Amino acid sequence: MKKEQFKVEGMDTEFVEFRHKEHNILFTRFERIRFKGEEVREESKYLYLIYIFRKKHRVVNNHNDKKEMGSFNIICFNQVYHTFDEMVHNLIPILSEYILDQDEIFKCLYKVHNLDPRD
């Protein structure tokens, strides 16, 4: 993914991508849209989203005895969180379903901390 694909004019957006075998895990942080002059607490300034995709290969063209394979991203999981702490608190059980290696889970958690607004 490219940062330009997540760019919204005038909004603070960030994302972290982590790949493990056939899974592509995407963590994003979007600035909430708020009314003009509205006071915003720090914990409600951003929304955090998790998307987990699995790459699947299927036949895309079956003409004239020539079979062509194509890869597709199938969404396995998506969730929205209102605070960074809430997202991180729920990450280990979610990641454990898709990543069996504990070292890879901790690498992923380390990358996710780039989205922490306190840093």
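All of these numbers come straight from a predicted model, not from anything done at the bench. (Residues numbered from 1 in each chain as written. Predicted model: local features only at pLDDT ≥ 70, side-chain atom pairs only at ≥ 80, totals over all residues. Heavy atoms only, no water.)

Looking at the packing of helix H1 (residues 84–98) against helix H2 (residues 102–112)
Helix-helix packing: each pair is described by the crossing angle between the helix axes and the interaxial distance. The line we're drawing: Angles shown run from 0 to 180 degrees and are taken between the N-to-C directions of axes, each axis being a line fitted to C-alpha atoms and, for helices, limited to the stretch in contact. Strands here are runs of E lasting at least two residues and helices are runs of H or I lasting at least four, both read from the DSSP assignment and numbered beginning at the N terminus. Here roughly perpendicular refers to angles of 65 to 115 degrees, roughly parallel to angles under 35, roughly antiparallel to angles over 145, and oblique to all remaining angles. Here a crossing is taken to be left-handed if its near helix is turned anticlockwise relative to the far helix by less than a right angle, and right-handed if that turn runs clockwise. The contact criterion used is simple: two residues touch if any of their non-hydrogen atoms lie within 4.5 Å.
In contact at an axis separation of 11 Å, H1 and H2 are set at 160° when each is read in the N-to-C sense. Classed by the angle they form, the pair H1 and H2 counts as roughly antiparallel. In the crossing of H1 with H2, the sense of the turn from one axis to the other is right-handed. Each of Phe84, Met87, Val88, Leu91, Ile92, Leu95 and Ser96 in H1 lies in contact with H2, whose residues at this interface are Ile105, Cys108, Leu109 and Val112.

Comments concerning the environment of His57
Among the secondary structure elements, His57 is positioned in strand E3 (residues 46–63). Setting aside chain neighbours within four positions, we find His57 in contact with Met69, Gly70 and Ser71.

Structural notes on the pairing of strand E1 (residues 13–20)
Condition: Think of it in three bands: residues with accessible area under 20% of the maximum for their type are buried, residues over 50% are exposed, and the middle band is partly exposed, with areas taken using a 1.4 Å probe on protein chains only. For two strands to count as paired, DSSP must find a minimum of two bridges between them.
With six of eight residues buried, E1 lies mostly within the body of the structure. Relative to strand E2 (residues 23–31), E1 is paired through eight bridges, and the arrangement is antiparallel. By the bridge assignment, Arg19 is partnered in E2 with Asn24. Two successive antiparallel strands, E1 and E2, enclose a turn made up of two residues, where Lys21 displays a positive phi of approximately 50°.

Considerations on H1
Here is the rule: To estimate the expected span of a helix, subtract one from its residue number and multiply by 1.5 Å. To get the bend at a given residue, fit one axis to the seven residues ending there, fit another to the seven starting there, and take the angle between those axes.
The terminal C-alpha atoms of H1 lie 21 Å apart, and with 15 residues this matches the ideal 21 Å at 1.5 Å per residue to within 8%. Bending of H1 peaks at approximately 45° at the position of Leu91, with proline Pro93 no more than four residues after it. Residues of H1 that are buried: Phe84, Met87, Leu91, Ile94, Leu95 and Tyr98.

Thoughts on the nonpolar core
This is how the line gets drawn: Here the nonpolar core consists of buried residues drawn from Ala, Val, Leu, Ile, Met, Phe, Trp, Tyr and Cys, with membership extended through side-chain atoms lying within 4.5 Å.
Core analysis: the largest hydrophobic core is formed by 22 residues, its most contacted members being Phe27, Ile50, Met87, Leu91 and Leu95. Those elements that provide at least two residues to this core are E1, E2, E3, strand E4 (66–81), H1 and H2. In this view, Leu95 contacts Ile25, Phe27, Ile105, Cys108 and Leu109; residues no more than four positions away in its chain are not counted.

Points about the environment of Gln102
Structurally, the position occupied by Gln102 is in helix H2. Judged by its relative accessible area of 43%, Gln102 falls in the partly exposed class.

Considerations on H2
The line we're drawing: The arc in question is the one spanned by the directions pointing from the helix axis to the C-beta atoms.
Buried within H2 are the following residues: Glu104, Ile105, Cys108, Leu109 and Val112. For H2, the angular spread of buried residues about the axis comes to 140°, placing them on one side. Those residues of H2 that are exposed and aimed more than 90 degrees away from the buried face are Asp103 and Tyr110. Buried residues along H2 sit in contact with E1, E2 and H1.

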